[in-house]
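# Chain and residue survey
Residues per chain, in single letters:
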Amino acid sequence: MSDPAAPPRSLAEALRARDDVSLAVLLRSRPDLITPVPTDLTQLATRAGTRASVVRALERLDRFALQTAEALAVAADPATYDELLGLMTGDEGDPAVSGALPHALGTLRDQALVWGGDDRLRLVRTARELLAPAPQHPSPTGLGPTVQEATAGMSPGRIQEIVRTAGLPSTHDAVSAVSSLTALFSDRKRMKTLLADAPEESREVLSRLVWGPPYGQVTADPAPRLRWLLDRGLLLPTAPGTVVLPREVALHLRAGRAHRATEPLPPPVEPSATHRPQVVDATAAGQAYTALATVEELLKDWDEGGPAVLRAGGLSVRDLKRTAVALDVPEPLAAFWVELAYAAGLLASDGEADERYAATPAYDEWLDQPPAQRWARLAQTWLTATRTAGLIGGRDAKDRTLSALGPGLDRSAAPEVRHRVLTLLAGLPEGTSPSADSVLARLRWERPLRGPQQQDDDLRSRLARWTLNEAELLGVTGRGALSAHGRALLGIAPPQSAPEEPVGPGDKLPVHHRPTTPPEPLAPAEQSVACAAAARLLAPLLPEPLDHVLLQADLTAVAPGPLRRPLADMLGVLADVESKGGATVYRFTPGSVRRALDAGRSASDLHAFLAEHARTPVPQPLAYLIDDVARKHGHLRVGAASAYVRCDDDAMLNEILADKRAAGLRLRRLAPTVLAAQADPAALLDGLRAMGFAPAAESAEGDVLITRADAHRTPPRTAPEPVPEGPPTPDATLLTAAIRAIRAGDLASTAPRRPTAASAPVTGGELPRTTSAETLATMQAAVLTGASLWIGYVNAEGSASQRVIAPVRVEGGFVTAYDHTADEVRTYPLHRITGVAELADDQI
């Protein structure tokens, strides 16, 4: 066994020295490491060092933690804490950096990107390869290779010339010459003396390269200012025509700093305006009511079957424009509402041969809920959905247009960005709206971009801008500030101010100034509680639905506020919406009255409905309109042959045949009271209505068909599932089980074995090998003595593992034993056990 007090020699040994709490922090911050659960700590360390896992971990670091890792990548391996601090603060020091560095280094240790004590800090090799300077991918620090790396292919004679010109004594070999040159460039005093003699033009060349990129181009006959630098090794050739500024020289010119500007503290979210919280909540509630009305209007417009589904999926540009006109909003907003209704499971494709979009049965259930609960469902759907309406109209990787409700709109980062933007708003005083630019700056600090991507065009910034706009549309925010019901939706309490504490030289950063891990989104059970709380806060702020309208003599009705559901539904069938706003104006027309009659209402029903719900007397023109349309309604009957028209009044049929507008229907008389048409029944109905008649559709039995606004629904549909961004964060139960299994597996692989003549020598990671007879005999002996054994086991899928078991019974070709690895009693077939070995001591 290794000495517990000795420094770890590998990442696996460093992980082995951690307690369960520290391992849980690692697995929670890097959930990909337990997908699937590693068999032991060695496998966990190997997985933590893979390129894909390290890249993912680096991308989730904040800017200062990433700068710390970048500094370690250009430091010696291993480096001391003081060396790292010098690279971060420079020769002059920086109290803020000194205070924040322990927290950043702790973050890197927690995530197993750095291991070792403060006297031997080691960056994981894969991270060093990703962050260290190289010609193919320059370091974010702007530093170049070390003198040793830059002179690796240089001739020994040329190295000796550089050493002599730099004023150093000649050596007998190139290795000592490079060491001597490195020591010169690392010595502040001697470098200052050397550069004091440099021509002004040479110092200007160095100043252009000092902060990167460190590479430059030279001709075959360099200018004197470059020759002076080349002769002394201050510039070293790396390829024909290319020179580089050695890292040690750059660090001297930078006063020891690895970065031009370190950012130990996150930029604050700056307020742009402050409003009374009551004004914010009222404004947000108004927006929430408008959001509900817009979604209802959208789905009501698609009740009888919405736009057709494109062959490649999604909504056509023409249909999106029509939807925008119907909702009286710009096309991007129409796309947002369509996508939100789809993500909430309120609309979907009907799956028919002529595939169209329509409302789902869940829409009817949604309509039956109180308004505040309906809003909470929409807001929670928006908060967790990965479909991103802002991408609509753009291009995918294959240069195809992204359409509403089509494929390619999922962005797994969207829920996290939305949640983080809103939590940043929640951190401001109540009623305070943020500056959008400061929110974006904060997000870039928390997740800095790596690579040449432009910051203003990166996806996270666009998602943040869309979040601020969409939150206002939904009523999560009001006047840019987070509302009380929006805060409840996140499960966040009102902000508490913290007292300011000065930061002095050598002081650690105060707790409230340290970068904190952003709060995780709520679990599904917590989301339900948060939605209920948000609905309770919003309900009193929404306008109370009315049960009456005001009828006017110009065939209009005015709804002075939101109407109760039955009244709104019936009025929506009986009249057309003419204008919307604080009050909605409905207009009665022959077509709208006929629509109500088609829905199965009689003239007496309509008169009774208006008398019941009107605060004013029913105007005479409206009563005459209802009676006149009802008198004509159903006098003509249209059914399916190809289609036919029948009427007891043959004079009316003669009138239809004589009308030139009927030519397109291609009518002919079959009998005195029956006309046949070569158009389908729907087209025939529309044609006759356009001519001023009021036909009714009838069934094959001759009964009048009643059409209802909610007649067309899709089959039951589930809402689209969000696309997760990598493995989900494990909960406490999974973490406990995973750590127990990893510990037990590690014990099985590292526990000392008792050497026997029967068992072959086993090296680390190999399964024990014994014959069947030897395995059976050792198992039977362990049952009698109660000893624990180390076995190799291959399951039915062919996966091999090592286990520590305490055999209880051996019979029928099976061994029943307490498995310390799984922490339970299990039964194993003996023929699947590759071998067995006794433990040197009781390690369980």
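As a reminder, the structure under discussion sits directly above these lines.
Described below are features of the structure shown in this document. (Residues numbered from 1 in each chain as written. Predicted model: local features only at pLDDT ≥ 70, side-chain atom pairs only at ≥ 80, totals over all residues. Heavy atoms only, no water.)

### Considerations on the overall build of the chain
When helices and strands are tallied, the chain shows 33 helices and 25 strands. Over its C-alpha trace the chain gives a radius of gyration of 38 Å, far above what one expects of a compact globule, namely 28 Å for 844 residues. When the backbone C-alpha atoms are referred to their principal axes, the chain occupies close to 125 × 90 × 55 Å. Taking all 844 residues of the chain together, 47% fall into the buried category. Here the analysis covers contacts within the chain between residues at least 6 apart in sequence; of these, 66% occur between residues at least 24 apart. Split by element, the accessible area of the chain, about 40,700 Å² in all, is 53% carbon and sulfur. (Helix = DSSP H or I, 4+ residues; strand = E, 2+ residues; numbered from the N terminus. Rg over C-alpha atoms; globule rule 2.2 N^0.38 Å. Buried < 20%, exposed > 50% of the residue type's maximum accessible area, 1.4 Å probe, protein only. Contact = heavy atoms within 4.5 Å. Areas by Shrake-Rupley, 256 points an atom, 1.4 Å probe, with all protein chains shown as cover.)

### A word on the sheet that holds strand β22 (residues 800–811)
Read from one edge of the open sheet, 5 strands run β24-β23-β22-β21-β25, paired in antiparallel fashion. The sheet terminates laterally at β24 (824–829) and β25 (833–838), the two strands that pair on one side only. For this sheet, the mean angle separating the axes of adjacent strands, direction not counted, is 45°. In the sheet, strand β21 (residues 789–794) pairs with β25 via 5 bridges, with the strands oriented antiparallel. Opposite Gly792, over in β25, you have Gly835 as the bridge partner. The strands touched by helix α33 (residues 772–785) are β21, β22, β23 (814–819) and β25; relative to β22, the strand with the most contacts, the crossing angle is about 60°. (Pairing = 2+ DSSP bridges. Axes fitted to C-alpha atoms, helices over the stretch in contact; angles between N-to-C directions.)

### As for the packing of aromatic side chains
Per the counting criterion, the structure on display carries 4 aromatic pairs. Aromatic pair Trp302 and Tyr357: ring centres 6.4 Å apart, planes at 25°, arrangement stacked. Of this pair, Trp302 sits in the loop between α16 (277–301) and α17 (317–327) while Tyr357 is found in strand β8 (residues 357–359), placing the two residues 55 residues apart along the sequence. You can call Tyr357 buried: its relative accessible area is 4%. Sitting over the ring of Trp366, Arg374 keeps its end group 5.3 Å from the ring centre. (Phe/Tyr/Trp six-rings, centres within 6.5 Å; stacked < 30°, edge-to-face > 60°. Lys NZ or Arg CZ within 6 Å of the ring centre and 35° of its normal.)

### Focus: the side chain of Gln380
Mapped onto the secondary structure, Gln380 falls in helix α20 (residues 371–384). For Gln380, the contacting residues outside a window of four places in its chain are Leu489, Gln527 and Cys531.

### Notes on helix α25 (residues 524–538)
Taking 1.5 Å of rise per residue, 15 residues should cover 21 Å, and α25 covers 21 Å from first to last C-alpha, within 8% of that figure. The complete set of buried residues in α25 reads Gln527, Ala530, Cys531, Ala534, Ala535 and Leu538. Buried residues along α25 cover an arc of 135° about the axis, so they all sit on one side. Residues of α25 that are exposed and point more than 90 degrees away from the buried face comprise Ala525, Ser528, Val529 and Arg536. Where α25 is buried, its residues meet α16, α20 and α24 (484–490). (Expected span 1.5 Å × (residues − 1). Arc of directions from axis to C-beta.)

### Here's the deal with unusual backbone geometry
The linkage connecting Thr35 with the following residue, Pro36, adopts the cis geometry, with an omega of 0°. With respect to the helices and strands, Pro36 occurs in the loop between α2 (20–29) and α3 (41–48).

### Let's talk about the sheet that holds strand β13 (residues 556–559)
Overall, antiparallel pairing links the 4 strands, which are arranged β12-β13-β15-β14 in an open sheet. Unpaired on one side and paired on the other, β12 (550–552) and β14 (576–579) mark the two borders of the sheet. Ignoring which end each strand starts from, the neighbouring axes of this sheet average 30° apart. Relative to strand β15 (residues 584–587), β13 is paired through 4 bridges, and the arrangement is antiparallel. If you follow Ala557 over to β15, its bridge partner there is Tyr586.

### Digging into the packing of α17 against helix α18 (residues 331–343)
For any two helices packed against each other, the geometry is given by the interaxial angle and the distance between the axes. With their axes 9 Å apart at the nearest point, α17 and α18 run at an angle of 95° to one another. By the angle class used here, α17 and α18 are roughly perpendicular. Listed contacts from α18 to Leu320, Lys321, Thr323 and Ala324 of α17 are Glu331, Ala334, Ala335 and Val338. Per-class residue counts for the contact of α17 with α18 are 5 nonpolar, 1 polar and 2 charged. (Parallel < 35°, antiparallel > 145°, perpendicular 65-115°, else oblique. Nonpolar A, V, L, I, M, F, W, Y, C, P; charged D, E, K, R; others polar.)

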